[in-house]
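# Close look at the chain arrangement
As a plain string of letters, each chain reads:
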Amino acid sequence: PALALGMFAKNQLVFRVTSASLALLLLAVASVWQSAHWADDRALIDRALAINPRSFTFLSNRAALNINDGNFAQAIEDARVALSIQPDHVAARLNLSAALAKSGTHEQALHVLQEGLKLNPGQTRWIDQLVTLHMQRKEFGEALVLARSL
């Protein structure tokens, strides 16, 4: 029985290692596949914006792509234009806040979300983002107050 238990444990360990390796491989494939499709997404969004340059949805989507690419200045511009068209667009405000935070202007990132909450005080995604920004800044009291409001 002890030998059988040892064999079972070895096989189980091999299965775990194999499962972990397979999971990592799948994540790598998904990442490569996604990055290839971001280029397709950008081309489609650019074409849609050529037809309708005032589409706040496509501007916000392009802002998200620019954040993923590290083009924070372009993401900020796209998100600001989207918000000038539709000030209460949830994703555009989140994208603007994220781009500002990633570019190092945390105060502006906070302000963007606080201004949004004046338009829509119950928007939980903006509150979540504010909590996250306050936590990153180690402003735990502010984060706790906001988290309790959810």
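About the criteria used
Residues numbered from 1 in each chain as written. Predicted model: local features only at pLDDT ≥ 70, side-chain atom pairs only at ≥ 80, totals over all residues. Heavy atoms only, no water. Helix = DSSP H or I, 4+ residues; strand = E, 2+ residues; numbered from the N terminus. Buried < 20%, exposed > 50% of the residue type's maximum accessible area, 1.4 Å probe, protein only. Contact = heavy atoms within 4.5 Å. Areas by Shrake-Rupley, 256 points an atom, 1.4 Å probe, with all protein chains shown as cover. Expected span 1.5 Å × (residues − 1). Salt bridge = Lys/Arg side-chain N within 4 Å of Asp/Glu carboxyl O. Phe/Tyr/Trp six-rings, centres within 6.5 Å; stacked < 30°, edge-to-face > 60°. Lys NZ or Arg CZ within 6 Å of the ring centre and 35° of its normal. Axes fitted to C-alpha atoms, helices over the stretch in contact; angles between N-to-C directions. Parallel < 35°, antiparallel > 145°, perpendicular 65-115°, else oblique. Left-handed = near helix turned anticlockwise from the far one by under 90°. Core = buried A, V, L, I, M, F, W, Y, C linked by side-chain atoms within 4.5 Å. pLDDT = per-residue confidence, 0-100.

## Regarding the overall build of the chain
For the chain, the count of helices and strands is seven helices and zero strands. Starting at the N terminus, the α and β elements of the chain follow one another as α-α-α-α-α-α-α. In the chain, which comprises 150 residues, the proportion classed as buried is 31%. Taking contacts inside the chain between residues at least 6 apart in sequence as the whole, the part at least 24 apart equals 40%. A total of about 9500 Å² of accessible surface is found on the chain, and carbon and sulfur atoms cover 64% of it.

## Brief notes about the environment of leucine 94
Secondary-structure assignment places leucine 94 in helix H4 (residues 90-102). Here the alpha-carbon distance between leucine 94 and alanine 109, two residues 15 residues apart in the chain, equals 9.0 Å. Ignoring any residue separated from it by four or fewer positions in sequence, one finds leucine 94 in contact with Leu113, Arg125, Trp126 and Gln129.

## Topic: the side chain of serine 60
Its location among the elements puts serine 60 in helix H2 (residues 56-69). On the basis of relative accessibility, which here comes to 0%, the residue serine 60 falls in the buried class. Beyond its immediate sequence surroundings of up to four residues, serine 60 is in contact with Ala82, His89, Ala91, Ala92 and Asn95.

## Quick look at unusual backbone geometry
The backbone of lysine 138 sits at a positive phi, close to 60 degrees, despite the residue not being glycine. One can find lysine 138 in the loop between helix H6 (124-136) and helix H7 (140-148). Classification of lysine 138 by relative accessible area gives exposed; the value is 63%.

## Focus on H2
Taking 1.5 Å per residue as the helical rise, H2 with its 14 residues ought to reach 20 Å, and the 20 Å between its terminal C-alpha atoms agrees with that figure. Glycine 70 sits one or two residues past H2 and shows a positive phi near 80 degrees.

## Some thoughts on the pattern of salt bridges
Counting across every chain of the model gives six salt bridges. One network of salt bridges, with partners in common, ties together Asp46, Arg62 and Asp78.

## Thoughts on the packing of aromatic side chains
For the structure on display, the rule yields zero aromatic pairs. For arginine 93, the ring lying beneath its charged end belongs to tryptophan 126, and the centroid distance is 5.5 Å.

## A short note on the packing of helix H3 (residues 72-85) against H4
Contact pair H3 / H4: the axes reach a minimum separation of 8 Å and the direction vectors enclose 150 degrees. On the basis of the axis angle, H3 is roughly antiparallel to H4. Relative to H4, the crossing made by H3 is left-handed. Each of Phe72, Ala75, Ile76, Ala79, Arg80, Ala82 and Leu83 in H3 lies in contact with H4, whose residues at this interface are Ala92, Arg93, Asn95, Leu96, Ala99, Leu100 and Lys102.

## A look at the nonpolar core
Counting residues in each nonpolar core, the largest one holds 32 residues, and the members touching the most others are Leu96, Leu100, Leu113, Trp126, Leu130 and Leu133. Residue assignment for this core shows that the elements contributing at least two residues are helix H1 (2-51), H2, H3, H4, helix H5 (106-119), H6 and H7. Sorting elements by how many residues they give to this core places H4 first, with eight residues.

## Focus: the confidence of the model for the chain
Low-confidence regions, as indicated by low pLDDT, have predicted coordinates that should not be scrutinised in detail. Here the chain shows a mean pLDDT of 81. Residues at 70 or above account for 74%. Highest mean pLDDT in the chain belongs to H3 (98); lowest belongs to H1 (57). Below a pLDDT of 50 lies the segment residues 1-18, which in the model reaches zero contacts outside its immediate sequence neighbourhood of four places, other chains included.

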